[in-house]
Structures are given as C-alpha cells and as structure tokens.
Amino acid sequence: MRRKIVAGNWKMNGSKDLVSNLVGQVRSELASFDNGVEAVIIPPALFVGDVVEQAGEKLAVGVQNVACWGSGAYTGEVSAAMAKDCGCGFTLVGHSERRQLFGETDEQVAAKVGQALASGLVAVICVGETLEERSAGKAEDVVSLQVRKAVADVGSESWQQVVIAYEPVWAIGTGKTATADDAQAMHAAIRDVLKSLGAPADEISLLYGGSVKADNAAALFAQPDIDGGLIGGASLDANDFVSICRAVPGKS
Ligand code: PEP
C-alpha cells in the first residue's frame, strides 16, 4: 500500500501569525477524520521550528529546499541534516521555481536528493514540462529524463524515502490544471520509468501538483497512479488545505 500524501508548499508566503492560525486549525480538523492521508506543511525555513512546535503527531513538516552539500562555507544555505535536526521529515527537491528562477540543474537536484536521503528525509522530487515542451509533444521525454537524472544515485535501500511530484510548469499558480486523464497518463509513465530503473515502483508515491483546489482534488486523487498532491496557493487556507486532504480516497 503506497503512502497517500498531501503536502502544502507555502513558497515565500506566511508569517508567525499564519503559523499560529493555520497549523492549529489544520491539526484539529485532521484529527476528525482518518482516510490514511499524511499531511505535510512546508513553510519557509525560518518558520519550521514554529510549525514543528504546533504540528502535533498527525501533521508532518518539510523544507522547500536543501543544500547540495552536508555542511561548510555555503553562506545562506540550509542542509538536509539541519532540516532533519529541526524536526522535518520531508524536503522538496527541484521545484520548478528553483529550476527556473535559480537555475537549479538536474545535477544539483541529484546531489540534493542524495543529501536528503542520507539525512533521513523523504525527498519529494519535483518534475514537469513547460507549455512549449508539451505543445511540441515532448512532455513525456522531458519528465522521464528529469526523473532518471534525479534518482540516478539512489541506492536500493533508499527508495522508500523517494516521492515524485509531477507538476506541469504551466499549471503551477496559473489556475490551469492537467485533466485527470492527462495527469494519470504521466504518472503511469513515471512509474514505468521507475520500474525500468529497477526501483520498487509500485511502492513509490507519486503526487500531482499544479493548481490543485478543493473542487478538483477528488477527481485527480481517484486516479490509480496519483497518490496525493503537492499544493501551493490552496495550502495557505486551512479550510481549503483540509478539504484537499479529505479528498484522498481512503478508509472513511
Ligand atoms: C506548487 O507550488 O508546487 C504548486 C503546485 O502551486 P499551486 O498549487 O499554487 O499551483
């Protein structure tokens, strides 16, 4: 049985006030149902300590990025080991905003995955094609290559710490979302890539991200290869985030 995960990426949004208001509400509402979802809050790194303090047992915490290195003279960077030490269980790696705005390369993504796994974090590896790549019929090739490069150095003992988030770049923060059929097709293709690499693909959770909202989450999460979501804008509203968590098909 694969882990069902809904992770809220706050990006560079939020404040101590938002942490106090949102985390408590999400925590208490999560306690009112049990569909097996693992909810994760991924705030800006400065707020990780506050979120961890208020999260309780049913809510996990992650960081949005980690360094390619373990420690040293890398001013401004935060290591995977530090995130783990501060109570995080997850990190995003290779979010399209990091790739596009900060020039993060596939090689850096692979190095960050290595740091995350070595530190005991779950690496949520983000992949996805641009609109130009989709229009040119290259979406599957682009995503497949991103996956292959990101997991190139993953050892057989670490696959259980790998999660892939398929996030078409044209769907992030735009209000446009892939149809459930298109998203399912790409998730199935990603699972095939993982199989071809010898990974235990049927045990690896694959998330969809890109303008997931309370009203489209259920259709996406009902797809056989979609095991949850990576949520941006809608994760900044407790009601919306909890509704998306509830949309994971499960025990109740
Ligand atoms: C994201 O930041 O990963 C994301 C999917 O954002 P949004 O839900 O706002 O499109």
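Residues numbered from 1 in each chain as written. Predicted model: local features only at pLDDT ≥ 70, side-chain atom pairs only at ≥ 80, totals over all residues. Heavy atoms only, no water.

(A) Quick peek at unusual backbone geometry. Its identity is not glycine, yet K11 carries a phi of approximately 50 degrees, on the positive side. On the secondary structure map, K11 appears in the loop between β1 (4-9) and α1 (16-30). Judged by its relative accessible area of 19%, K11 is buried. Within the chain, S211 stands out as a residue other than glycine whose phi angle is a positive 55 degrees. Inspection of the secondary structure assignment puts S211 in the loop between β7 (206-209) and α9 (217-221). (Helix = DSSP H or I, 4+ residues; strand = E, 2+ residues; numbered from the N terminus. Buried < 20%, exposed > 50% of the residue type's maximum accessible area, 1.4 Å probe, protein only.)

(B) Focus on the site of the ligand. Near the ligand there are 14 residues, and of these K11, E167, G173, S211 and G232 occur at the shortest range. Contact between the ligand and G173: an oxygen atom at 2.6 Å from a main-chain N or O atom of the residue. Within the complex, the protein chains bury 98% of what would otherwise be the 290 Å² of accessible surface of the ligand. (Near = heavy atom within 4 Å. Polar contact = N/O pair within 3.5 Å; in protein donor to acceptor, adjacent residues only side chain to side chain. Areas by Shrake-Rupley, 256 points an atom, 1.4 Å probe, with all protein chains shown as cover.)

(C) Up close: the pattern of salt bridges. Within the structure shown, the criterion is met by 13 salt bridges. Between E104 and K112 there is a salt bridge, with its nearest N and O atoms 2.8 Å apart. Comparing E104 with K112, the two get one shared label, buried. Across the pair R134 and E129 runs a salt bridge, and its minimum N-O distance is 2.7 Å. Residue E129 is classed as buried on the basis of its relative accessible area of 0%. Residues joined by salt bridges that share partners form a network here, namely R2, K4, R191, D225 and D227. (Salt bridge = Lys/Arg side-chain N within 4 Å of Asp/Glu carboxyl O.)

(D) The nonpolar core, seen in detail. Judged by nonpolar contacts, the single largest core of 70 residues is most densely connected at V6, I125, I164, I190, L194, Y208 and F221. Those residues within four positions of F221 in sequence are excluded, and the remaining contacts are V6, V212, I226, G228, G229, I244, A247, V248 and P249. (Core = buried A, V, L, I, M, F, W, Y, C linked by side-chain atoms within 4.5 Å. Contact = heavy atoms within 4.5 Å.)

(E) Inspection of the sheet that holds strand β8 (residues 228-231) at higher detail. Around the barrel, which closes on itself, the 8 strands sit in the order β1-β2-β3-β4-β5-β6-β7-β8 with parallel pairing between neighbours. Each neighbouring strand pair of the sheet contributes to a mean axis angle of 30 degrees, computed without reference to strand direction. Of the pairings in the sheet, the one linking strand β6 (residues 162-166) to β7 comprises 3 bridges and is parallel in character. Bridge pairing in β7 links A165 to L207. Along the sheet, helix α8 (residues 180-196) contacts β5 (122-127), β6 and β7; its crossing angle with β7, the most-contacted strand, is approximately 145 degrees. (Pairing = 2+ DSSP bridges. Axes fitted to C-alpha atoms, helices over the stretch in contact; angles between N-to-C directions.)

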